[in-house]
Amino acid sequence: PDGYRLRVEPDAVDAVRFERLVVAGLAATEDSAGRARLSREALDLWRGGAMQDVGLPDSGAFDAAVVRLEELRLTAAEERADAEIALGRGAELVTGLTDLVAANPMRERLVAALLRAHAAAGRDSEALLAYQRAREALADSLGVDPSPELDALHVALLRGELGRREESRKTN
């Protein structure tokens, strides 16, 4: 009785729209172009940290919502990277993925996307260096080795099986 009530359509709230786009992107497993578009659209809604202008000190529920949104943001970034790489646009993602991996060195899916992006750009040595950094970060922080998936990606990189395109070379 002594307050105000604001009625807003759910899609008018960025956080709600973001979650819907991420869920729709995750559901589009077979459509790389659709996954890339939905993930890109979701990530375009972000400006800064989650709920950075909202101050609710000592609120466990608020803190949990912020953590959940930040986790969804990383998931959307992983989905976008995987979809863009599947579409052959991995080389364009190297800079953004490098920043994401530097901020989140324990996210093996981001590291794998960075390795693929480096390989797509023809930077195998940088991909190997990124793998080495990730391996060291996992060992130092958690005392574990990389997952079998990341190890398999590393082996494929060493064998030259990753990111190779057919090139038409003129030779004599």
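The shown structure was predicted, so the numbers you read here are calculated from the model rather than taken from an experiment.

Participant: I keep staring at the overall build of the protein and nothing clicks. Help me out?
Facilitator: Helix and strand counts for the protein come out as seven helices and zero strands. Buried residues in the protein amount to 36% of all 172 residues. Across the protein, contacts joining residues at least 24 apart in sequence account for 61% of those joining residues at least 6 apart. Accessible surface, the protein as shown: approximately 11100 Å² in total, 51% of it carbon and sulfur. Mean positive and mean negative side-chain charge positions of the protein (23 and 31 charges, respectively) differ by 5 Å.

Participant: Please explain helix 5 (residues 108-120) as it appears in this structure.
Facilitator: An α-helix turns once per 3.6 residues; consequently, residues spaced three or four apart project the same way. An ideal rise of 1.5 Å per residue puts 18 Å on 13 residues; helix 5 measures up with 18 Å between its terminal C-alpha atoms. Taking burial as the measure, the 13 residues of helix 5 include 10 buried ones, the bulk of the element. Taken together, the buried positions of helix 5 are Leu110, Val111, Ala112, Ala113, Leu114, Leu115, Ala117, His118, Ala119 and Ala120. Looking at the packing, one finds that the buried side of helix 5 touches helix 3 (60-86), helix 4 (94-103), helix 6 (124-142) and helix 7 (148-158). Looking one or two places after helix 5, you find Gly122, whose phi comes out positive at around 80°.

Participant: Would you explain the layout of surface pockets in this entry?
Facilitator: Vacant regions in the atomic arrangement are exposed by a probe of water-molecule size rolled over the atoms. Volume-wise, the largest pocket comes out at about 380 Å³. At three residues, the largest contribution of residues to the lining of the largest pocket is made by helix 1 (residues 14-27). The residue inventory of the lining of the largest pocket, partitioned by class, reads 10 nonpolar, two polar and three charged. What the second largest pocket holds in volume is close to 230 Å³.

Participant: Just to check I follow, could you spell out the packing of aromatic side chains for this structure?
Facilitator: Scanning the entire structure with this criterion turns up one aromatic pair. When the ring of Phe18 is compared with that of Trp46, the centres are 5.3 Å apart and the planes differ by 85°; the resulting orientation is edge-to-face. Of this pair, Phe18 sits in helix 1 while Trp46 sits in the loop between helix 2 (32-43) and helix 3, and the two are 28 residues apart along the sequence. By relative accessible area, which is 2% here, Phe18 ends up buried.

Participant: Honestly, the environment of Val22 in this entry has me stumped. Any pointers?
Facilitator: Tracing the chain through its elements places Val22 in helix 1. Spatially, the C-alpha atom of Val22 lies 28 Å from that of Ala152, the residues being 130 residues apart in sequence. Sequence-distant contacts of Val22, that is, excluding residues within four places in its chain, are made with Ala42, Leu72 and Ala76.

Participant: Can you help me understand the packing of helix 2 against helix 3 in this one?
Facilitator: A pair of packed helices is captured by two measures, namely the crossing angle of their axes and the spacing between those axes. Relative to each other, helix 2 and helix 3 sit at 145°, their axes nearing to 8 Å. Note that helix 2 runs across helix 3; the crossing there is left-handed. Contact residues: helix 2 offers Ser32, Arg35, Ala36, Ser39, Arg40 and Leu43, while helix 3 offers Arg73, Ala76, Ala77, Glu79, Arg80, Asp82, Ala83, Glu84 and Ala86. The class makeup of the residues in the contact of helix 2 with helix 3 is six nonpolar, two polar and seven charged.

Participant: Help me out: how do you make sense of a nonpolar patch on the surface in this one?
Facilitator: A cluster of nonpolar side chains, Leu6, Val8 and Val13, forms an exposed patch at the surface whose accessible area comes to about 280 Å². Note on placement: Leu6 falls in the segment before helix 1. We classify Leu6 as exposed; its relative accessible area is 75%.

Rules used throughout
Residues numbered from 1 in each chain as written. Predicted model: local features only at pLDDT ≥ 70, side-chain atom pairs only at ≥ 80, totals over all residues. Heavy atoms only, no water. Helix = DSSP H or I, 4+ residues; strand = E, 2+ residues; numbered from the N terminus. Buried < 20%, exposed > 50% of the residue type's maximum accessible area, 1.4 Å probe, protein only. Contact = heavy atoms within 4.5 Å. Areas by Shrake-Rupley, 256 points an atom, 1.4 Å probe, with all protein chains shown as cover. Lys, Arg positive; Asp, Glu negative; His and termini not counted. Charge placed at Lys NZ, Arg CZ, Asp CG, Glu CD. Expected span 1.5 Å × (residues − 1). 1 Å grid on protein atoms, 1.4 Å probe; cavity = no way out; pocket = protein on both sides within 12 Å on 5 of 7 lines; lining within 4 Å. Points joined across faces, edges and corners; volume = space filled by probe spheres on them. Nonpolar A, V, L, I, M, F, W, Y, C, P; charged D, E, K, R; others polar. Phe/Tyr/Trp six-rings, centres within 6.5 Å; stacked < 30°, edge-to-face > 60°. Axes fitted to C-alpha atoms, helices over the stretch in contact; angles between N-to-C directions. Left-handed = near helix turned anticlockwise from the far one by under 90°. Patch = residues over 30% accessible without salt bridge, like charges linked within 9 Å, V, L, I, M, F, W, Y side chains within 5 Å. Salt bridge = Lys/Arg side-chain N within 4 Å of Asp/Glu carboxyl O.

These figures come from the coordinates and say nothing about function on their own.
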